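Single-letter residue listing:
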Amino acid sequence: MSEAPPDTFNQRYGIQAVSAHLAMCAATAVLLTLAFPLPGWSFMAFFALVPVGVLAMRTRRVWTLAWTSYAVFFAWWVLRVMWLRHVGGFAPIAIGVVCAGWFTVALVALALVQRRFKGAMTLTLPIFWCAAEIGRSLWPLGGFAWFLLGNSQAAWRVGEHPGYLVQSADLFGWVTVSFLVAMTSGVIIDLIARPLIKRHVTGKVRPRRTIMTAIVLWLGCIGSALVYGYQRLHTTPAGDEPGTEVVIGIVQTNVAQDNKIRGTPDQRAKDFDRLLELSESSAADHPKPALIVWPETMVTLPINDEMAALAGAGQLKDPFNELIADMRRRVQQHSDRFGIPLMVGSQARKPSEHEKSMNSALFVRPGSEGMARYSKMHLVPMGEYIPGPQWLRGLFFEHLSPYDYDYTVQPGEGIVIFEIDQADALDGFAPDGAVSRGSLRFASPICYEAAIATKCREMVYGNNGVKRADLLVNLTNDGWYVSAHQRYQHLQMAVMRCIENRVPMARSVNTGVSGMIDSAGRVSSLVTVGGEHQAIDGYVNAAVALDPRVTVYGRVREGAAVGICAAALLLLIGVLVPHTKTRQQ
């Protein structure tokens, strides 16, 4: 059987030079950088995939596309996550190896499909790009969800308009927004890289049907998303009715990472005293908060119930009996004195000497002798656990770790929904039966868990799609970060979680950025000292309206993500199957 005729258009206008491949990949890398904080020019995301999309369509050699895109995006990832070197010296390289691979897989798959089907990039580009984003956000080792295209559209400044397009995240999650943004790059590619007019053999001239269909499809999707976003944004509860707001006291510390890891007992005592001082200021301020939140692991000793009992019985090694008992007593006295529950970022440990610590949020109630506890379940590879066999972990701590001890922790047992049942917590808030009278239900994603859509969705909706949490309380330590960029990027991802689930979020973050986000993704207030949000300590008592709305995403979970991945797989199968038949013939 004769071979198919060559792609004469690609032969004539195709991209062959290595320098052109590198330049076009670099152009996308620059546009992606500009789209995220800082500077956070979100409109850049709509054009970011145009250079690599054109390259995938017009490259003469797929192999050249593969290695040049991998080289450029490997360098881009290493530079963008260089802060991870404080966790492990080779961590940025490991992230670069994996994440650049996902970028390259998307572009190579796109190029192969374009060679076979020449379909509209308006659809094929978002399918493969989003499939790659879904893949890298889940695998390997739980994935890495930084720099998802849709996240660029979320607000991250106080007073910034939350945006209409991003409101569609409550339909199918962040991937909805990523798809729409990538779709825009796709329609631009179709307009600039394909002839819009087709000349028939009879001499008649008419618009090319594929391109016109793509334009209509894009207009329909974007227009519908904007209309939907306008409606969702303008039906967000404003808290202007009596009893529809809750006030949360949010404390921000400014403890250097070295103080937490290598701090002397005197320095740690000083940091703890300052934490109590800020919390007491919040408790004494007006309006009085229904809950005060402390950042992640600001209590550096395990003061959970089991360890406190051992300390009280004098069964721990000196001086830990006295230190743990003292911290536990002072935390409980603080809550009792002001009559306000506390959410405390602390270590926790089980009584066995062989058990590792857990990264936990302890819920302290006034007048209570026990503390409810949630321990972080999604641990960060290299940062909180070392994957692989024991010999590899030993090699890591001996030669590659920046620390001279095993700092890893163990994961928590499951999700915990906390509840404040004081009558005045919400002043009788009970719209449409969304919450019981006088109660506030909340879950507490810790640190990077606020960046993971599946984890936060599970916290709010469980497995049955019924809303069981009215608020997310995010305890975080961003002292790892070395510049302003990463803290705002972390905030932006938290904003997306609020929109997806239609719940507000209180963020208490060591070194910043701390504050309140409403259920539409508005950053309504941040801890601010001298006009700065980072590298300062302080507090803010922030009021926010609770939102009884239930989202489609909360009910259908990752259905859209599965559909996108299935579509990408079917397109690739369509590329491979005809070639198999040809070889057999």
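Values in this document were obtained by computation on a predicted structure and should not be read as measured data.

What counts and what doesn't
Residues numbered from 1 in each chain as written. Predicted model: local features only at pLDDT ≥ 70, side-chain atom pairs only at ≥ 80, totals over all residues. Heavy atoms only, no water. Pairing = 2+ DSSP bridges. Helix = DSSP H or I, 4+ residues; strand = E, 2+ residues; numbered from the N terminus. Axes fitted to C-alpha atoms, helices over the stretch in contact; angles between N-to-C directions. Phe/Tyr/Trp six-rings, centres within 6.5 Å; stacked < 30°, edge-to-face > 60°. Contact = heavy atoms within 4.5 Å. Expected span 1.5 Å × (residues − 1). Buried < 20%, exposed > 50% of the residue type's maximum accessible area, 1.4 Å probe, protein only. pLDDT = per-residue confidence, 0-100. Parallel < 35°, antiparallel > 145°, perpendicular 65-115°, else oblique. Left-handed = near helix turned anticlockwise from the far one by under 90°.

### Digging into the sheet that holds strand 14 (residues 538-545)
Read from one edge of the open sheet, six strands run 7-6-5-4-3-14, paired in mixed fashion. What marks the edges here is a single partner per strand, and that holds for strand 7 (372-375) and strand 14. Averaged over neighbouring strand pairs, the angle between their axes works out to 30 degrees when direction is ignored.

### Some thoughts on the packing of aromatic side chains
Applying the stated criterion across every chain, the model contains 23 aromatic pairs. When the ring of F144 is compared with that of W146, the centres are 5.9 Å apart and the planes differ by 15 degrees; the resulting orientation is stacked. Following the ring pairs from residue to residue traces out a cluster consisting of F36, F73, W76, W77, W83, F103, W129, F144, W146, F147, Y448 and Y481.

### Considering the side chain of S335
Considering the arrangement of structural elements, one finds S335 in helix 14 (residues 320-338). Excluding its chain neighbours within four sequence positions, the residues that come into contact with S335 are I340, P341, L342, V364, R365 and P366.

### Overview of the sheet that holds strand 12 (residues 515-517)
By way of backbone hydrogen bonds, the strands of a sheet pair with one another, either parallel or antiparallel. Taken together, the six strands give an open sheet; going across it, the order is 8-9-10-11-12-13, and neighbouring strands pair in mixed fashion. The open sheet has two free edges, formed respectively by strand 8 (418-420) and strand 13 (523-526), since each of these has just one partner strand. If you compare each strand with its neighbour and ignore which way they point, the axes differ by 25 degrees on average. Bridging between strand 11 (residues 505-510) and strand 12 involves three bridges; their strand directions are antiparallel. If you follow A506 over to strand 12, its bridge partner there is M516.

### A word on helix 17 (residues 484-501)
Under the 1.5 Å per step criterion, the end-to-end length of helix 17 is 27 Å for 18 residues, consistent within 8% with the ideal 26 Å. Extensive coverage of helix 17 is indicated by the burial of 16 of its 18 residues. Note on helix 17: the residue one or two positions beyond its end, R502, has a positive phi of about 55 degrees.

### Considering the environment of E296
Relative to the elements of secondary structure, E296 occurs in the loop between strand 4 (291-293) and helix 13 (305-312). Note on E296: relative accessible area 6%, which makes it buried. Considering only alpha carbons, one finds E296 and S346, 50 residues apart in sequence, at a separation of 6.6 Å.

### Quick look at the confidence of the model for the chain
The share of residues in the chain with pLDDT of 70 or more is 85%, and the mean pLDDT across the chain is 88. In the model, residues 1-6 has pLDDT below 50 throughout and makes two contacts with residues more than four positions away in sequence or in other chains. Contacts for the low-pLDDT stretch residues 422-437, under 50 throughout, to residues beyond four places or in other chains number 36 contacts.

### A closer look at unusual backbone geometry
A cis amide bond links L38 with the next residue in sequence, P39, at an omega value of 15 degrees. Structurally, P39 is set in the loop between helix 2 (18-35) and helix 3 (45-48). Following H286, the chain continues to P287 via a peptide bond in cis, the omega torsion being 5 degrees. Residue placement: P287 occurs in the loop between helix 12 (265-284) and strand 4. One non-glycine residue, C447, lies in positive phi territory at about 55 degrees.

### Quick word on the packing of helix 5 (residues 62-80) against helix 6 (residues 91-117)
Two elements in contact, helix 5 and helix 6, have axes whose closest approach is 8 Å; the angle formed by their N-to-C orientations is 150 degrees. By the angle between their directions, the pair helix 5 and helix 6 is classed as roughly antiparallel. For helix 5 against helix 6, the interelement crossing comes out right-handed.

### Section: helix 10 (residues 209-233)
For an α-helix, the turn length of 3.6 residues means that residues three or four places apart are oriented alike. The first and last C-alpha atoms of helix 10 sit 36 Å apart over 25 residues, in line with the 36 Å expected at 1.5 Å per residue. Those residues of helix 10 not exposed but buried are I211, A214, I215, I222, A225, G229, R232 and L233. As for helix 10, its buried residues are in contact with helix 7 (121-138), helix 8 (169-172) and helix 9 (174-193).

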